[in-house]
Amino acid sequence: MSNFLYLKTVGKGPERHGPRTQRQQPRKESSKGVLIDLNADPSYILRSILENIIQKDGTSKVKKLAYLNAFVKFIQERRPVVSSNKTFDMRDILICLRVPLVDESPVVRVAALRVIRYLLCSEEDVITMNSLGIPSLVVRSLDIVLNNSGERIQAARLAQRILALPRGACHFPRPITRALLAIAFDGQLENDKLHRTSLSILAQLALVNPMEFVGCGCVRVLLHSVFGSLSPMVLEGILGSLLHLLNFPQTRQAVCLSFQGLVAPLTDLHFKHTGHLQQDKQLDERELAYRSSKMGIEILLRSWSGLCSFWGCGLEALVQSLSIQHHEIRVTILDLLCSVIGLEFPTWTDEVNVAISAVDPSHPQDKWKIYKGFIVEEAMAVLPHLATTTPDLRGNHMGLLVFCLVQKGLLEALVGVILTSDTFLAVRATVLLGEILSLVDKLLPVEVFDPSGAMPSLLQEAMGGGVDSPYAHSPQLKQQRALEAITVLARIQEIKAKGPQPQSVFLRAQVAFGGTQSRNRYTFRDRLGELQLHRILRGEVDGNPGKILKESLVLTSKDPMSWNWDSVAPLVKWCPGALRRIEDSNWRMFLRRLVDFYKPSSNLFDRIEIEKENSNLYIEVGLSLVEFLAEGVQNFSGGVLLEELLVDICVNLDEIVRERENPHLALWNPSKLERTLAQAYFLFLGRLSHTPKGLRVLEKGGIPMRLREILSLLQNDIYLKLILASLSYTQEMSRSLLRLVLGSVDERVRLYGTKFLRLLVRVKPLNFSQWGAEFLVKQLEDRSPAVALTALSIIEEAIHDKLFLESLIALRPPLERVGERGILVRACFGSLPSGLKYLQEGGLLERDIYLWTRHFNKRYVELVEGSMRDCVSSLRRGEDGKYPERASRNSSTPTPSHLFLPPHLYAQLPLQRQGMDALIQHGQINELIQTVLDGCCGDTEASRECKSAVWALAHFGTSSEGLSVLEAEGIIDRMVELARTSPLLSLRHTIFHALCLFATTHAGAETLRRLGWYSVPRSHQEAYPLWIPHVPVLSSALRRLKELDLEIDQEDEKEGNLGLSPPEEDSPDWLERVEEKRTPKQSFSRIRKRLSSLTSTRSGDDGLDDGGGDWGLSRFGSWRMRKSRSETGPETDIKLDPSPSSRLEPIQSSSSLQQRHSLSSSQRDGSVIGGEDIFPERGVGMYRSVIRRPLIRVPTSSDSEFFRIDPSPGRRASLREVKTGSLDRHFLLSPRDLFNESKLQRVHTSLTSISTPSYRSPTGDVKGPQLMGLCLPKDICFIFLEEKSLSTDNTECRILLTPGVKTPLRDLVETKKDVDKVQEDILRLMSSIISAIGVKTTEQSLLRLKQKYPEGFQDLGIYTDFCDLVSEYNVRLSLRRFLQELFLDIPYNEVYEAAKRVVERGAREKPTKNVSIEEKEEDYIDLK
C-alpha cells in the first residue's frame, strides 16, 4: 500500500476556535487540498510543486499556499531525497522559491520563507542561497511593515536557522545583518515588534561569527541598546555577547571595547539618551538611564570578563560618583552595590532596626512561611552546608569583587555618604558599610587588605576633628552621624558574631531532635556557660518553687493572658520534682489549668495569632509540659492530664479526616493553621515522638494511624508540612510516615518530601546516614525529573559526610542512570577504602580513569562553566532541570548564595594509596603536566584541553603527594604565570579557581604565599578564626634537615627556638648554622621525633611534609601569636611552649600601639632575635575595626584576677591555671546575680575569655583539604588585564562598492552601456539619502521623481543597486522603509522567467510514476 500524506489548508476556521466561530459564515472561495504519495518519484513530486508555485497568473494564492505547506511536509518526511535529487538540485529549488518571495500576498511570502527555513540544512545550502540573491528578498520582508507581521517573523526565524547550521554563521548574509542592525538601533523608537528579536539574533551572531559582527558595526548598536532596556534577560544577552568578544585576543583588539560608558548616567548630571521610546510614562529619561545603567553594571560585576574589563577606570568612576551630592545618583549606586553583594533591604527607611534586619541572617523571610517553603527554606538559609572545605566558586568571585571595591576606596566613599546625606541614605549606607566590612573579614586575607586604618575620616569625625566645608553639614551634625554610624556598626557586628540561628520553633525542634547545634553560637551561650546557667536556674527554682508558683498568677487568675509566663516557664522546665507532688492541691490546680489552656476544646491556645507577642513562649511552655507529663505518666496520676489533652487533639484529627473532601470546614482548617498557634499541636505530638515513653503514649492513642490517614487521603500542603516538620525521626514510626510521603502518587507531595530530606541531612538525626541514604537512592529512580534531580542535589551535599558516603557505597546505587552528575558522585567513592574496593571489584576503577582521561576531563570544564553561568544568570532552570520556554515562566527562585566546586576523580583517588598508584599509572599525569607547561590556547579546542588539564592537576594537588609532584614540575609557578600573562580571559578565570583549590590545604597555601598569593586560613564554618602570623617556611631547608643528625641543646629547647633566629626564607647562612649543630651520635628517627614535637608537620612514611601542614605556625617552637582579627581590646602576645602540653604565658609588649603602627616596612620585614618580633606581617595585623568582636580573650600580665604570678622569671602560668582562674569567677555568682545586668556582663566577659579559638592547627592524620579554598594576589593586576585607554570604535566598517561587480539579482538584467538620466538621478538621490545629506529634501525629490517617472522605480537593475547600497552601509530604519516602499511596484519578470526555465528543464526527464499529487476541492479556510 502506498504511503499517502494528505495536507489540508487550515486557518481561521471553526476547527481551531471551537463553538465561538461556528457562527461565522464560511468563505465562498474554494481551494485545493493536496494529497501526496510519498512512494512516488521525488522528481515528479518536486516538479508538480514547483510548477504550481511559480505561476504568475492562473493560480490562486490559496493553491500556492497549499503546495508550499505540502512542500514543507514533504521535506520533513523525505529530506535526504530532496537534498540529493539530481533533477532539481538545491540551486534549482531556491531559484523557484524566489517567485513566492516576491508574491503580492503576504501569506504566500510567509509560506515561502518557511519552506526555505526547512530546506536549509548545510553550509553549502547557505552559500547557494547567498549566490542567488535571496537575502535581498528576505531583507525586503524585514524592512517593509504593511500588515505583514507573520512574514517578518518568518524572516527572523530564517536568520536564526542560518546561525544554527554548522558553519552557517560563517556565511551569514551581510544584507540581513544590516537590516537587523537597523531594527536593533531604531526599532524601539519606531515601536518595532522585532526590536528584541533583532537584538537576540545579533547577540547570537557575536558568538558564532564575531568578525562579521564587528565588521558591520554591531558593537555600537548593542551598547546603544543597553540604556533603552529594562529587562534583565535582554541586558544579559546584549552584554554577554559583548563580553564574549573580550575573551579572545583577536576580537578584543578588533572591537576596542570599553564599558566605562555605562557609568555615564551616574557621573554626568546632564546625561541624555534619545535612542529609546518612552514606554513607561511614569519614568523620565534620566530615571530610565539610571535603572539601565544599574542593571548593566551589575551584570558586568557578576561575570569574570565583565569584572576584568570594568575593574579599572569604570569601577573607580562608579565609586567616586558617590561623592556627588545628588540624591538619585547615590540611591542608584547604593542599590547597585546592595544587589551585587546580595543585600536585600525590605524597604527604604530611616529606622535603623528595620534596615539592620537586611544583614541579619536569622531575620524571618517571606519564603519561610508555611504556604511557601516553610522550614526547608529556613534550614537552607540558617543551617550550614556540609561542604566545609570545598571551594565556593561564587564566594571566591565575591571575595575578588570585594577586594576590587575596597581597593578603589569604597569604604571611605560610603563614609562620605553617611556624613553628607539625609537620614534615609545615611542609614542604608551605614548598613551597607557594615556588610562590606563583614565580607572583608570573611573573604580577604589580612596580607592582601588590612582594614585597620581603612576609615580614618569616620573616626576623625566621631572625635570632632573633621574639616569644615561650606557644602556639607555642620560639624556637630557630622559628628553625631559618625557616632551613630559607629553604634550601628557595633550592632551589626553583634549580629554577625551571633551567626544564623533558627527562628521558627519547628526548626529549633528539629535541631534539638538531631542533637546538632548551630555553627555560630553566641559567646554567652557557650557550652560551658549554658551548663552553668542551667545549673543555677535549676537551683534557684528548686530552692523556692512555692514562691515562683505564687508569682506565676496561675492559681489566682483564670485568664491565661494575665499569667506571668516568665515564671510559668521555669516551673515547668526546671522543677519536675515539685510538679510531681500532684497530691498537693496547688500543684494539681496549676497543672490542670495549664492543660485546660492548651486543650483545643477550650479555644484559648489555638486561637492566638502567630504574630502575637509571647507566642513562642506559649509554645515552649506547652512543649515542656507534654514532655514532663510523658516522662512521669507511669509514676503519678498526672498521666490523666496528658490523656485528656491527646483525646482532645484526636477529635480534631478525626474531623480533618472526615472533612477530607473540603478540609476548610474542619476546626483545624488550613487557613487557621496558617495564622494561629493551632499548628503547635502537631509539634506537641512530635515532641512526644522523640522519646520511647512519649511514643508509647501516641501509639496507645492511635495518633500515628490518624497521621497516616491525613497524609494518605489529604493532598493539602499545610498538613503535609506541619506533620513532617514536627516529628522526630529518631524513631521508626516517624520514618514510616516519611516513607509514605516519599512514595505518594502526587508529585508535589513527593517533591516536598524529598526537599525535606535536605533538612535532615544538615540536622543529622540518629542513624540518618543509613536510612537517609536508602530514601535518597530510592528517590533517584522516581519517574518525575524534578524529584530525581532534587534527590541527586541532596546526595551531592550529603557525600561530604563520610558516614553517609560509606552507607551510599554499601547500597551500590545505579548512578550511571542519572547522567554526568552521577559520574561526579561516583568519583567520591575512591576517597574511602570501601569505595575503592567496590570500584576495583566491579572493574569500575580503570574504566572510570579511562573515561576521565578520554573525554570527561574536558566535559568537567563545561559542567563547571555551565554551573557558573546558571549561578549568575537571571534565567533560572526549573526543578526539572530545564529552562522555561518563555521568559514569563521564568522561576522566581533567588540567586543561590553558594556554588561549590563539583568533585573530581583526580582529587578523590589520591586520598588512598592504591588510588594514587592507579591514577599515576593510568591517569596520564605527565601529559596533563606538559599541557599546562605549554599553555597553548590558540583555538577553542586547545583552550578547552588546557582548562581540563588545569582542573585535573589542581584537584590532584589537593593531596600532599600530588602537591609535591606538581611543585617539582613547576606547575604551580606556571599556573601563576598563566594567570598573569594568558591572553585568554576564560583561562585566567579557570586558573584563579584552580589556585583557590590549591589553597584548601596548608601546604598548598604556603606554596602560593611564596608566589604572592595569600589564602584565607579557615574553613567555611569558621566565622571569626584566630589569625596566626606567618613564619617563613623553609621547605628546602627542611628537606636537608631530614638528612641531618641534629642534636638539640637543652638550653635551646628551653628557649624554644633551637638557638636560632629565623632569617630570610631559604637562607643558606641559616643552613650552615644548622649544620654546625649537627651531632652524628643521634639517629635520624630520634631527630624526626624531636622535630615532630617542635612542629605541627604531618609525619608519614616519607618523614616531614614539605611546606606542609603547619600553615601559619612557626617551625622553631618559640613564636608570637596575634589575637583574632575580631579582637577589639589591647593586644596581647603569647608564647607557646614547644612541649606537647602547650602553655600560655603573657609577654609584655615592648612598644606602644602608636609605635607599632609607625614601624616601617623595612623594620617589619626584618628578622629579630630572641623575644623581639620575628614576623614580617606584625605591623599589618593591627586590626582595630569597630565591628570586630573578640572570639578569644587572653588576659594580660597585669590582670592579677586571672593569674597567680610567680615571681620567678622562668615560671610560666599553665593553661590549666588560666582556665581555673577563669572558672572561679563563674562559681562566685549567686542565683540572684542572674538578674543583675552588671553581673551578667561579667559572666559574659569571663565566658568569652575561656572560649576556645576556632582556628584549628593542622593535625598529623588529616588528609585532603582543610581550608575553605580562597586565595588572592597581593597585586590585583596579577589576574586582570593591564588597563589601556580603550574606547569604543564608533566608526562603522563600510566596504566600498567595486565598479563593474554584478550582484546576483543583476545577473537577471542586461545592463545598458548608456545609463538613462532618470536612473542616474535615482541612484544619486539614494546615495545622498543613505549618506544622511539633506534627508527631507532628498525624500521629496525621490517622491517627485517617482510620480513623474514611475517606470524608473520598476527597474530590477536599479533595485539591485539599492540592495547593494543598503548591504554595505548602515542605514537608519526609517530611510530603509522609505526606499523599500519606492520599489513596491517592481514586476520581477526576470525572476519568473528564470524559475520557468528551471521547471521546463526538469520536465524533460520522464518520472518513474505519473501520478503523485491529487487535488481535492475543499471549503476555503484562510491560513494565518
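To be clear, the structure that these remarks concern was listed above.
Residues numbered from 1 in each chain as written. Predicted model: local features only at pLDDT ≥ 70, side-chain atom pairs only at ≥ 80, totals over all residues. Heavy atoms only, no water.

Let's talk about the overall build of the protein chain
Moving on, step 1. Counting its secondary structure elements, the protein chain contains 69 helices and seven strands.
Moving on, step 2. Scored against the burial criterion, the 1424 residues of the protein chain give a buried share of 56%.
Moving on, step 3. In the protein chain, once contacts between residues fewer than 6 apart in sequence are set aside, the share between residues at least 24 apart is 75%.
Moving on, step 4. On the protein chain, roughly 62600 Å² of surface is accessible, and the fraction owed to carbon and sulfur atoms is 50%. (Helix = DSSP H or I, 4+ residues; strand = E, 2+ residues; numbered from the N terminus. Buried < 20%, exposed > 50% of the residue type's maximum accessible area, 1.4 Å probe, protein only. Contact = heavy atoms within 4.5 Å. Areas by Shrake-Rupley, 256 points an atom, 1.4 Å probe, with all protein chains shown as cover.)

Let's talk about the packing of helix α2 (residues 42–53) against helix α69 (residues 1389–1403)
Moving on, step 1. For the pair α2 and α69, interaxial distance at closest approach is 10 Å and the crossing angle is 150°. By the angle class used here, α2 and α69 are roughly antiparallel. Note that α2 runs across α69; the crossing there is left-handed. Where α2 abuts α69, its residues Arg47, Leu50 and Glu51 lie against Val1399, Gly1402 and Ala1403. (Axes fitted to C-alpha atoms, helices over the stretch in contact; angles between N-to-C directions. Parallel < 35°, antiparallel > 145°, perpendicular 65-115°, else oblique. Left-handed = near helix turned anticlockwise from the far one by under 90°.)

With respect to helix α67 (residues 1356–1368)
Moving on, step 1. Between the first and last C-alpha of α67 there are 19 Å, a value that for 13 residues agrees with the 18 Å anticipated at 1.5 Å per step.
Moving on, step 2. Counted residue by residue, α67 has twelve buried out of 13 residues, so it is predominantly covered.
Moving on, step 3. All of the buried residues in α67 are Leu1356, Gly1357, Ile1358, Tyr1359, Thr1360, Phe1362, Cys1363, Asp1364, Leu1365, Val1366, Ser1367 and Glu1368.
Moving on, step 4. Structurally, α67 contributes buried residues whose contacts are with α8 (134–143), α10 (174–186), α65 (1317–1330), α68 (1373–1382) and α69. (Expected span 1.5 Å × (residues − 1).)

Some details on the pattern of salt bridges
Moving on, step 1. Counted by the stated rule, this structure contains 51 salt bridges.
Moving on, step 2. Residue Arg1377 is joined to Asp192 by a salt bridge in which the shortest nitrogen-to-oxygen separation is 2.3 Å. One end of the pair, Arg1377, is in helix α68; the other, Asp192, is in the loop between α10 and α11 (195–208), with 1185 residues separating them in the sequence. Take Arg1377 and Asp192: they sit in the same class, and that class is buried.
Moving on, step 3. Here Arg944 and Glu862 are joined by a salt bridge, their closest N and O atoms 2.8 Å apart. Of the two residues, Arg944 is situated in helix α52 (residues 940–956) and Glu862 in helix α48 (residues 844–872); the sequence distance between them amounts to 82 residues.
Moving on, step 4. For Arg944, a relative accessible area of 23% puts it in the partly exposed group.
Moving on, step 5. Connected through salt bridges with shared partners, the residues Glu820, Lys858, Arg859, Glu862, Glu941 and Arg944 form a single ionic network. (Salt bridge = Lys/Arg side-chain N within 4 Å of Asp/Glu carboxyl O.)

Re the packing of aromatic side chains
Moving on, step 1. Inspection of the entire model under this criterion finds 31 aromatic pairs.
Moving on, step 2. Ring geometry for Tyr598 versus Phe684: centroids 5.9 Å apart, planes at 80°, classification edge-to-face. With Tyr598 in helix α33 (residues 585–598) and Phe684 in helix α37 (residues 680–688), this pair connects stretches of sequence that are 86 residues apart.
Moving on, step 3. Given a relative accessible area of 1%, Tyr598 falls into the buried group.
Moving on, step 4. These aromatic residues form a ring-pair network of at least three members: Trp563, Trp565, Phe597, Tyr598, Phe605, Tyr618, Trp668, Tyr681, Phe682 and Phe684.
Moving on, step 5. Between the NZ or CZ atom of Arg428 and the centre of the ring of Phe345, over which it lies, the distance is 4.1 Å.
Moving on, step 6. The ring of Trp348 carries the charged tip of Arg428 above its face, separated from the ring centre by 3.7 Å. (Phe/Tyr/Trp six-rings, centres within 6.5 Å; stacked < 30°, edge-to-face > 60°. Lys NZ or Arg CZ within 6 Å of the ring centre and 35° of its normal.)

A look at the packing of helix α31 (residues 565–574) against helix α34 (residues 615–631)
Moving on, step 1. Interaxial distance between α31 and α34 falls to 9 Å at its minimum, and their mutual angle equals 25°. Considering the angle they form, α31 stands roughly parallel to α34. For the pair α31 and α34, the crossing hand works out as left-handed. Of the residues in α34, those in contact with Trp565, Asp566, Val568, Ala569, Val572 and Lys573 of α31 are Leu617, Tyr618, Val621, Ser624 and Leu625.
Moving on, step 2. Here the contact of α31 with α34 is built from residues that sort into eight nonpolar, one polar and two charged. (Nonpolar A, V, L, I, M, F, W, Y, C, P; charged D, E, K, R; others polar.)

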